[in-house]
Amino acid sequence: MSLIDELRCIATAQSLDAELPDALLSKILELSEDPAMMGKESLVKTLITQLNNFDLYAGTGCFSDSCGVKEISDTLKLLSQS
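In this text, all values refer to a predicted model and were calculated from it rather than measured experimentally. (Residues numbered from 1 in each chain as written. Predicted model: local features only at pLDDT ≥ 70, side-chain atom pairs only at ≥ 80, totals over all residues. Heavy atoms only, no water.)

Let us look at the environment of M37. Looking at the secondary structure, you find M37 in the loop between α2 (22–32) and α3 (41–52). Along the chain, M37 and I4 lie 33 residues apart, while their C-alpha atoms are 8.2 Å from each other. Those residues in contact with M37 that sit more than four places away from it in its chain are I4, L7, L31, S32, V44 and L79. (Helix = DSSP H or I, 4+ residues; strand = E, 2+ residues; numbered from the N terminus. Contact = heavy atoms within 4.5 Å.)

Turning our attention to the pattern of salt bridges. By the definition in use, this model includes three salt bridges. For the salt bridge of R8 with D5, the shortest nitrogen-to-oxygen distance reads 3.0 Å. Within this pair, R8 and its partner D5 are both found in helix α1 (residues 3–17), separated by three residues, close to a single helical turn. The shortest N-O distance in the salt bridge between D74 and K70 comes to 2.9 Å. With a gap of four residues between them, D74 and K70 both fall in helix α4 (residues 69–81), about one helical turn apart. If you follow the salt bridges from partner to partner, you end up with D5, R8 and E33 in one network. (Salt bridge = Lys/Arg side-chain N within 4 Å of Asp/Glu carboxyl O.)

Another point: α4. Here α4 is 13 residues long and its end C-alpha atoms lie 18 Å apart, about the 18 Å a rise of 1.5 Å per residue gives. Within α4 the residues assigned to the buried category are I72, T75, L76 and L79. Down the axis of α4, the buried set is contained in an arc of 105°. They therefore lie on one face. Turned more than 90 degrees off the buried face of α4, the exposed positions are K70 and Q81. In this fold, the buried residues of α4 make contact with α2 and α3. (Expected span 1.5 Å × (residues − 1). Buried < 20%, exposed > 50% of the residue type's maximum accessible area, 1.4 Å probe, protein only. Arc of directions from axis to C-beta.)

The biggest cluster of nonpolar side chains holds 19 residues, and the ones touching the most others in it are L7, L20, I28, L47, L51 and I72. For this core, the elements supplying multiple residues, two or more each, are α1, α2, α3 and α4. If we skip the residues at most four places from it in the chain, I28 touches L7, A11, L20, L47, L51 and L76. (Core = buried A, V, L, I, M, F, W, Y, C linked by side-chain atoms within 4.5 Å.)

The residue S42 is located in helix α3 in this model. A C-alpha to C-alpha distance of 23 Å links S42 and S15, two positions 27 residues apart in sequence.

Below you can see the structure in the form of C-alpha cells.
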C-alpha cells in the first residue's frame, strides 16, 4: 500500500470512527489526488501520524499525545503550499 493509499484509508476511518470533520476529510482526499503529492512523503507521513492520533477533543486534557483539528489543518496548509 502506498503512502497516499494509507492516507486515504486512515482519513476515511477516522471520519467514521473518530469524528474527523467532513471538511478535513474532503481536503485530505482532494490533496491525495494531486500528483504534486509525490515528493512530499515527509509531510504525508506527518499527516498520517497525526490522523492516527486524532482526537476531536485534543488539547482539553493534561499530557495528551493526541492531535486535533488545528495540527491537521496546519499540516494540510503546508502540503498545499509546498
